[in-house]
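What follows is the residue order along each chain.
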Amino acid sequence: MTPPLLAIGNKTYSSWSLRPWIFLKHHGIDFEELRIPLYMPGSKERILAYSPAGKLPILVDGKIIVHDSYAILEYLVERYPQTQGWPVASATRAVARSICAEMHSGFTALRQHLSMNVRKQFEAREWPADVQADIDRIQTIWRTCRQRHGRNGPFLFGRFGIADAMYAPVVWRFAGYSVELDQTAEDYCAAMLSLPAMREWQAGAFAEQEVLPQFEFQP
């Protein structure tokens, strides 16, 4: 059977691409990786050749094409049920879906001020109130999930799942911008950063040649 193809952007900058990539890698699912560097001549045309949405990531599995990181993760859980990407209990699964949706559509201030740059390490600083509110909310989510649902492992719901994949880019943001965190958040970030898949993603980022100035300076 031909493995699916996952088209992704730059590993240095593409937070959306990281989500399905790390889920596939962590669960040992074979796939073909196609890297399309963003904001380069011809990038848009190459992306459009796979999806009319014109955005990365894109999963191509035979005749099935799925775009959007959250939709791809949902598809992967159905395609590979052994991953157990969602918690088994329906009430817990509802919590997991809620915090994933919140991550997917929210935290605008955090995205604007802490763009993902896997190769950079910025000094700690004081953040604007709206950014700090996003940081605090994420720590509350992590702390609540770990305390209520994380007894069987180091991740948000114990074992690694979709929720962890959705928040993986935030881990890089917090680490790269030297964000001050509470102990639960620090421990969770450490567990995520120790994953072989996260280390492989970082190695891939450092191997890239592209530099996008808009993501190279701390606002």
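Parameters at a glance
- Residues numbered from 1 in each chain as written.
- Predicted model: local features only at pLDDT ≥ 70, side-chain atom pairs only at ≥ 80, totals over all residues.
- Heavy atoms only, no water.
- Axes fitted to C-alpha atoms, helices over the stretch in contact; angles between N-to-C directions.
- Helix = DSSP H or I, 4+ residues; strand = E, 2+ residues; numbered from the N terminus.
- Parallel < 35°, antiparallel > 145°, perpendicular 65-115°, else oblique.
- Left-handed = near helix turned anticlockwise from the far one by under 90°.
- Contact = heavy atoms within 4.5 Å.
- Nonpolar A, V, L, I, M, F, W, Y, C, P; charged D, E, K, R; others polar.
- Core = buried A, V, L, I, M, F, W, Y, C linked by side-chain atoms within 4.5 Å.
- Buried < 20%, exposed > 50% of the residue type's maximum accessible area, 1.4 Å probe, protein only.
- Phe/Tyr/Trp six-rings, centres within 6.5 Å; stacked < 30°, edge-to-face > 60°.

On to the packing of helix H4 (residues 90-105) against helix H6 (residues 129-149). One way to put it is that H4 packs onto H6 with a least axis distance of 12 Å and a crossing angle of 165°. One finds that H4 runs roughly antiparallel with respect to H6. Classified by chirality, the crossing of H6 by H4 is left-handed. Along the contact surface, H4 presents Thr92, Val95, Ile99 and Glu102, while H6 presents Arg137, Ile141, Cys145 and His149. Within the contact of H4 with H6, the residues separate by chemical class into four nonpolar, two polar and two charged.

On to the environment of Ala109. Along the polypeptide, Ala109 turns up in helix H5 (residues 108-113). Separated by 22 residues in the primary sequence, Ala109 and Val131 place their C-alpha atoms 5.1 Å from one another. Among residues more than four places away in sequence, those in contact with Ala109 are Asp130, Val131 and Asp134.

This part takes up the nonpolar core. Within the largest apolar cluster, 64 residues are counted, with the highest numbers of intra-cluster contacts made by Ile22, Trp142, Leu156, Ile162, Tyr167 and Phe174. In contact with Phe174, other than residues within four places in its own chain, are Leu110, Ile135, Ile138, Trp142, Val179, Leu181 and Cys189.

Moving on to the packing of aromatic side chains. Scanning all chains against the criterion turns up 11 aromatic pairs. Both rings, one in Tyr39 and one in Phe215, keep their centres 6.3 Å apart while their planes meet at 45°; by these two values the pair is tilted. Separated by 176 residues along the polypeptide, Tyr39 in the loop between strand S2 (32-35) and helix H2 (43-48) and Phe215 in the segment after helix H9 (196-207) bring together distant segments of the chain. A centroid spacing of 4.7 Å and a plane angle of 25° characterise the contact between Phe122 and Tyr177, whose relative ring orientation is stacked. Taken together, the residues span a long stretch of sequence, with Phe122 in the loop between H5 and H6 and Tyr177 in the loop between helix H7 (162-176) and helix H8 (183-193) at a distance of 55 residues.

Among the residues examined, Phe122 registers a relative accessible area of 12% and is labelled buried. As for Phe122 and Val179, which are separated by 57 residues in sequence, their C-alpha atoms are 9.4 Å apart.

Time to look at the packing of H7 against H9. At a minimum axis distance of 12 Å, the contact between H7 and H9 shows a crossing angle of 60°. Between H7 and H9, the angle falls in the class oblique. In the packing of H7 onto H9, the handedness of the crossing is right-handed. Across the interface between the two elements, Ala168, Val171 and Trp172 from H7 touch Met198, Trp201 and Gln202 from H9.

Once that is clear, we can look at the environment of Ala168. One can find Ala168 in helix H7. By relative accessible area, which is 0% here, Ala168 ends up buried. Ala168 sits 66 residues away from Glu102 along the chain, and the two C-alpha atoms are 14 Å apart.

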